[in-house]
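# Report on the structure
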Amino acid sequence: MMKKKSVSARKASLVLFLCQMISALDVPLDSKLLEELSQPPTITQQSPKDYIVDPRENIVIQCEAKGKPPPSFSWTRNGTHFDIDKDAQVTMKPNSGTLVINIMNGGKAEAYEGVYQCTARNERGAAISNNIVIRPSRSPLWTKEKLEPNHVREGDSLVLHCRPPVGLPPPIIFWMDNAFQRLPQSERVSQGLNGDLYFSNVQPEDTREDYICYARFNHTQTIQQKQPISVKVFSTKPVTERQPVLLTPTGSTSTKVELRGNVLLLECIAAGLPTPVIRWIKEGGELPANRTFFENFKKTLKIIDVSEADSGNYKCIARNRLGSAHHVISVTVKAAPYWITAPRNLVLSPGEDGTLICRANGNPKPNISWLANGVPIAIAPEDPSRKVDGDTIIFSHVQERSSSVYQCNASNEYGYLLANAFVNVLAEPPRILTPANKLYQVIADSPALLDCAYFGSPKPEIEWFKGVKGSILRGNEYVFHDNGTLEIPVAQKDSTGTYTCVARNELGKIQNEVHLEVKDPTMIIKQPEYKVIQRYGQVSFECVIKHDSTLLPTIIWLKDNDELPDDERFLVGKDNLTIMNVTDKDDGTYTCIVNTTLDSVSASAVLTVVAAPPTPAIIYARPNPPFDLELTGQLERSVELSWIPGDENNSPITNFVIEYEDGLHEPGVWHYQTEVPGTQTTVQLKLSPYVNYSFRVIAVNEIGRSQPSEPSEQYLTKSANPDENPSNVQGIGSEPDNLVITWESLKGFQSNGPGLQYKVSWRQKDVDDEWTSVIVANVSKYIVSGTPTFVPYEIKVQALNDLGYAPEPSEVIGHSGEDLPMVAPGNVQVHVINSTLAKVHWDTVPLKTVRGHLQGYKVYYWKVQSLSIRSRRHVEKKILTFRGNKTFGMLPGLEPYSSYKLNVRVVNGKGEGPASPDKVFKTPEGVPSSPSFLRITNPTLDSLTLEWGSPTHPNGVLTSYILKFQPINNTHELGPLVEIRIPANESSLILKNLNYSTRYKFYFNAQTSVGSGSQITEEAITIMDEVQPLYPRIRNVTTAAAETYANISWEYEGPDHANFYVEYGVAGTMASRQVDIATQGWFIGLMCAVALLILILLIVCFIRRNKGGKYPVKEKEDAHADPEIQPMKEDDGTFGEYSDAEDHKPLKKGSRTPSDRTVKKEDSDDSLVDYGEGVNGQFNEDGSFIGQYSGKKEKEPAEGNESSEAPSPVNAMNSFV
């Protein structure tokens, strides 16, 4: 046992030494103490490093510092001493280092440009400021230049240069007109970052003579104006459309360097007609979420708070319908120095050790240098207690002469950081900062915190005593805080008294007395009750309280958690609230709040206002409380309680509820005991030892519960041994070398007597060892230290009081603290099942090496690289957890044709063990994803140019591309399918020998050795020559009449598929008729009814003789097509059998199959000869016949079910991964 104590002491010494190395004395922020202690200077305020001043105003260079004694100040300018006494224009503020340079009385700001540095010095050291660079602002005038008018052709691009004068700081640029109105900007016209005005294409409305560039210099509040620029746009017909060309930046690539933490601005402005749309991507990655913004109509990419991870290639793509252009900007993020650990002030005692640490990062890595009192440490006076080790200064056994101010300078080519940190060695006797004889007041059963704020160097030790000659306070009933505060977790009445705090170190000793008073809690012994009152009645709420005699309570009444209405009907008495002449608005919740200086209690009741009944009615209410409670047959563990019921109020009592109060342990708190039927007025109650019982009875009916009865007389049962032991006993270690035993404490009445304590016993399981026991009180936890790691323990907790022990408790098994597993799983094997799934096996680790509860195994796996795409990428490790003692697991979601690594770790309740050696495995090839895009350009009469992008995920080595295409006719029927295999290294193809003015559908996919990937589809149309339209013309009409018929002939010029109408009538009549030559029999009969019999017979014979069979049904245009866009399809005009030549007609440009590949069918109008009286036949007002012959065919494409829509810009964007 002594050996263990010795080891513990050595551990404590080591911990104390380490704490001294990393943390020094804390000086309390007490103004009186700070005024008395010596302190090296500290710079508290200084001007910025780059200080641009207004040349018209006085220059104020700030330098404020604090210290004890107060520091003196001096300045250097451009590295040499600046003697302010020799310059009448320069003064220093009293008790300050701030310089004021008088410019307004004859001084020139340019004469005071330079680098300034302030030094604050006292007897304990010197602190220095940053180098403050003073520069006056400048706002020069625009150089005069002769501006020629800009004559621009409509549709061309234009750049109006601003070229503002170089100012300090740089000016803000904007464009306005002569009326000082900002020029409107859009995707077509916008201002670049350099201030120039860019026109992607000019329009006639751009003609004006007052394009004026303004430069605003904010520092001097001046605005400079450039001479107006004239633009004249002349039109040429037709306006030639042009594919995008980048106006800025020029070339295909550029570079940009930005500093960490700054805002990165990248710009791309393009010319073209139609106006190009700009899109941004980051090659090999994603644009950072939540930090990326697009400005200037997406021409400017803005990334805020950039870091080194934002370095990379950013591509802007300008696109219109004629093509695209792109530019790649290579961004490198450098970093000025920034703090990782800035040096912090040290307050040490003589003989103590400490460290100053100065760590900074940047790109490139900053250089760290140290200064002492403003002098490079290499040439500073030597200090034997000081040792410089790179970014750390180590102090050993310091003395008072070691006090000094050290400066750490971290610098690289992009800037520097300078930090002052002092080492203040103090030898001070103890001081107690808490006022003497301070009075603390608390409510009983609540915590009491007694302060003893202190300071001393070396750090004093604190002890507490109760009373003038009391013994030192120890034990579990007190908590001692590091700041000197004494905490009494549960203050009782006997805790009242005087407490003495003693602080001592090797330089002295001091003590202070404080006083504690423990007050009785405030209670509401008669609470307001629920009331139902008739309108215009009177109601009263009671609030009777009990409080500590030394506390002055105040009672506040609230209505619905707000102040009472300002109404004289509300009368507030000492212990009640009365409302006169109640109205409906008085309905609500009334709360009584009792406040003292130490505590607050409240109680509420609801007031319900009802209308007075029109006629007397039976009033049903809650019963009146029982009365005359009597205790008889008192025994140690039982008593008989009887009572007399109160008035039922027209609703029978259903049951009685009996409650009890324990006046010994929980005075004022009532607990449920039991309940009996409403017909019973006596009950035998079981009791517990050492409880001061009072009982009350509550009657219950259908309306509600009565008020409680008056309490019965008190009955104190005798003490006894505890009947039960604590429950929920557990043993779980919180550290590898301890065992934390916890339990649920017994309630007050479960103690069965005074002096409740717990006997905590434990011994290591399966080891021949004796029980170790300890008796504790007022706690529910005990920590056993120095245990082996994760071994089972037998644990039991037994209750006891002044009369003896509870029954022998049952034993529970607990474990001491877990530690991280010691070994990694072995024999890790990977079986690749397919291109996206693998199975990993491993051997279990020995249970003794787990050192804890085995929770399972974690498999870490990550993709090393793709075997088909050689690109750097962020390695994202994935983790799969397999619960229990499993020895295998499946790895889903792998990427085909990739190299992976994995390792396996065992997991217990403490964490993860070491990883197994990385296992490398490769996934086989899979089918590729669809090509990233398919673009069809340059349509001619018989050819189309196809361009495509390789699949985003090749998932293997591409062997070829498969192109299938087929024509689509006007009825959306698909023609024969043609298939072409294209080498994998090709990215474009020109298809020749196509039909002119024909729509084609293309299906395109990539292949690996495994198979074909998903396909992408597109449609395109070959163009046709412009031809002069043919207008129909009929001439040379001749007739030849016979007895029963007439022969009519004519000559026709015009397009095919025309319908012909013959108009005839009876000579001498006003009526005329028109009939189609394809007229049906019912129509001929109708004509016979209104014409002469002979002429009708001639016509019928003529039609029947010339009819060559049934008229085929003419197919209609698509239902979704616009009749103004689609060319009309008409029947052949010959008298023989109709023919349909639509298979050779070109589709109208712009027509498109619906994206869901469905075609809506319409009812067909068949030949009148086939169906007799057709439902679609109808007459015009003049009697002529109108009919439609239509049909609809639909055929599914030969392959796939993809949409024939052209890819949207969003799809195109998503294809660039």
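Cut-offs applied
- Residues numbered from 1 in each chain as written.
- Predicted model: local features only at pLDDT ≥ 70, side-chain atom pairs only at ≥ 80, totals over all residues.
- Heavy atoms only, no water.
- Helix = DSSP H or I, 4+ residues; strand = E, 2+ residues; numbered from the N terminus.
- Buried < 20%, exposed > 50% of the residue type's maximum accessible area, 1.4 Å probe, protein only.
- Contact = heavy atoms within 4.5 Å.
- Areas by Shrake-Rupley, 256 points an atom, 1.4 Å probe, with all protein chains shown as cover.
- Pairing = 2+ DSSP bridges.
- Axes fitted to C-alpha atoms, helices over the stretch in contact; angles between N-to-C directions.
- Polar contact = N/O pair within 3.5 Å; in protein donor to acceptor, adjacent residues only side chain to side chain.
- Core = buried A, V, L, I, M, F, W, Y, C linked by side-chain atoms within 4.5 Å.
- pLDDT = per-residue confidence, 0-100.
- Disulfide = S-S within 2.5 Å.
- Salt bridge = Lys/Arg side-chain N within 4 Å of Asp/Glu carboxyl O.
- Phe/Tyr/Trp six-rings, centres within 6.5 Å; stacked < 30°, edge-to-face > 60°.
- Lys NZ or Arg CZ within 6 Å of the ring centre and 35° of its normal.
- Patch = residues over 30% accessible without salt bridge, like charges linked within 9 Å, V, L, I, M, F, W, Y side chains within 5 Å.

For the chain, the helix and strand inventory stands at 7 helices and 91 strands. Residue burial in the chain is summarised as follows: out of 1217 residues, 40% are buried. Counted over contacts in the chain with a minimum sequence separation of 6, partners at least 24 positions apart contribute 66%. For the chain, the accessible area works out to roughly 65900 Å², and carbon and sulfur atoms hold 51% of it.

This part covers unusual backbone geometry. Most peptide bonds are trans, and most residues other than glycine sit at a negative phi. The peptide bond linking L273 to P274 adopts the cis configuration, its omega dihedral lying at 0°. With respect to the helices, strands and loops of the structure, P274 is situated in the loop between β23 (269-273) and β24 (277-282). A cis geometry characterises the amide bond from S457 onward to P458, with omega recorded as 5°. The residue P458 is located in the loop between β41 (454-457) and β42 (461-466) in this model.

Turning our eyes to something else, we now look at the sheet that holds strand β77 (residues 898-907). Strands sit in the order β75-β74-β77-β78 across an open sheet of 4 strands; the sheet is antiparallel. Two strands close off the open sheet at either side, each with one partner strand: β75 (878-883) and β78 (919-922). Put simply, the sheet's adjacent strands are angled 25° from each other on average, direction ignored. Pairing of strand β74 (residues 856-866) with β77, which is carried by 10 bridges, proceeds in the antiparallel orientation. Paired with Y857 across the two strands is V906, which belongs to β77.

With that settled, consider the environment of E659. Among the secondary structure elements, E659 is positioned in strand β59 (residues 655-662). Note: C-alpha distance between E659 and H671 (12 residues apart in sequence) is 5.3 Å. A distance of 2.8 Å separates the side chain of E659 from the side chain of R696, its partner in a polar contact.

Spatially, β39-β46-β45-β42 is the arrangement adopted by the 4 strands of the open sheet, whose pairing is mixed. Unpaired on one side and paired on the other, β39 (438-443) and β42 mark the two borders of the sheet. Shown here is a sheet whose adjacent strand axes are inclined to one another by a mean of 25°, direction ignored. Bridge count between strand β45 (residues 497-505) and strand β46 (residues 508-519): 9 bridges; the pairing is antiparallel. Paired with T498 across the two strands is H515, which belongs to β46.

Our focus in this paragraph is the side chain of T292. For T292, the position within the fold is in strand β25 (residues 292-295). One polar contact links the side chain of T292 to the main-chain carbonyl oxygen of P288, over a distance of 2.5 Å. Apart from the residues lying within four places of it in its own chain, the contact partners of T292 are L287, L301, K302 and I303.

On to the nonpolar core. One finds I59, I61, W75, I101 and Y116 to be the most contacted residues of the largest nonpolar core, which totals 29 residues. Of all the secondary-structure elements, those providing two or more residues to this core are β3 (59-61), β4 (63-68), β5 (72-77), β8 (99-101), β9 (114-122) and β11 (132-136). Broken down by element, this core gets its largest block of residues, 3 residues, from β9. In contact with I101, other than residues within four places in its own chain, are N58, I59, I61, Q89, V90, Y112 and Y116.

Attention now moves to the confidence of the model for the chain. Across the chain, the average pLDDT comes to 83, with 84% of residues at or above 70. Predicted confidence for residues 1069-1079 stays below pLDDT 50, and this span has 36 contacts to residues more than four positions away or in other chains.

Attention now moves to the state of the cysteines. Inspection of the entire model under this criterion finds 6 disulfides. The disulfide that involves C162 links it to C213, with 1.9 Å between the sulfurs. Disulfide C162-C213: the torsion about the S-S bond is -70°, which places it as left-handed. Of this pair, C162 sits in the loop between β13 (158-160) and β14 (172-176) while C213 sits in strand β17 (residues 208-217), and the two are 51 residues apart along the sequence. Note on C162: relative accessible area 0%, which makes it buried.

The final tally for this structure, using the stated rule, is 37 salt bridges. When the shortest N-O distance is used, the salt bridge between E542 and K526 registers 3.2 Å. Within this pair, whereas E542 is found in strand β49 (residues 539-542), its partner K526 is found in strand β47 (residues 523-526), the two being separated by 16 residues in sequence. Overall, the relative accessible area of 36% leaves E542 in the partly exposed class. With a relative accessible area of 38%, K526 lands in the partly exposed category. With its nearest N and O atoms 3.1 Å apart, the salt bridge here joins K858 to E912.

Another aspect to go through is the pairing of β23. With 5 of 5 residues buried, β23 lies mostly within the body of the structure. Here β23 shows two buried faces, one formed by I269, A271 and L273 and the other by A270 and G272. Alignment of strand β20 (residues 242-248) against β23, held across 4 bridges, turns out to be antiparallel. Of the residues in β23, the one forming a bridge with T248 is I269.

Okay, the packing of aromatic side chains next. Each aromatic ring pair is described using two quantities: the centre-to-centre distance and the angle formed by the ring planes. Taken as a whole, this structure holds 21 aromatic pairs when the rule is applied. With a centroid separation of 5.8 Å and an interplanar angle of 75°, the aromatic rings of F82 and Y116 are classed as edge-to-face. You can see F82 sitting in the loop between β6 (80-81) and β7 (90-92) and its partner Y116 sitting in strand β9, a full 34 residues away along the chain. Summarising the burial analysis for this pair, F82 and Y116 share the class buried. Within the aromatic cluster, the residues linked to one another by ring pairs are F174, F180 and Y214. In this structure, R905 packs its charged tip against the face of Y860, placed 4.0 Å from the ring centre.

Inspection of the secondary structure puts N561 in the loop between β51 (554-559) and β52 (562-563). Given a relative accessible area of 68%, N561 falls into the exposed group. Between the C-alpha atom of N561 and that of G588, which follows or precedes it by 27 residues, the distance is 9.8 Å.

Let's shift gears to the side chain of N505. If you trace the backbone, N505 turns up in strand β45. Among the polar contacts made by the side chain of N505, one reaches the main-chain carbonyl oxygen of E428 at a distance of 3.2 Å. Leave out the neighbours within four places in its chain, and N505 touches E428, P429, P430, G456, S457, P458, K459 and P460.

This part takes up a nonpolar patch on the surface. Residues Y530, V532, V606 and V610 make up a contiguous nonpolar surface patch of about 300 Å² in total accessible area. Note on placement: V610 falls in strand β56 (residues 600-610). Owing to a relative accessible area of 31%, V610 belongs among the partly exposed residues under this scheme.

The subject of this paragraph is the environment of Q527. Mapped onto the secondary structure, Q527 falls in the loop between β47 and β48 (531-534). On the basis of relative accessible area, Q527 is assigned to the partly exposed category, the value being 45%. Taking the C-alpha atoms as reference points, Q527 and V544, separated by 17 residues in sequence, lie 6.7 Å from one another. For Q527, the contacting residues outside a window of four places in its chain are E542 and A603.

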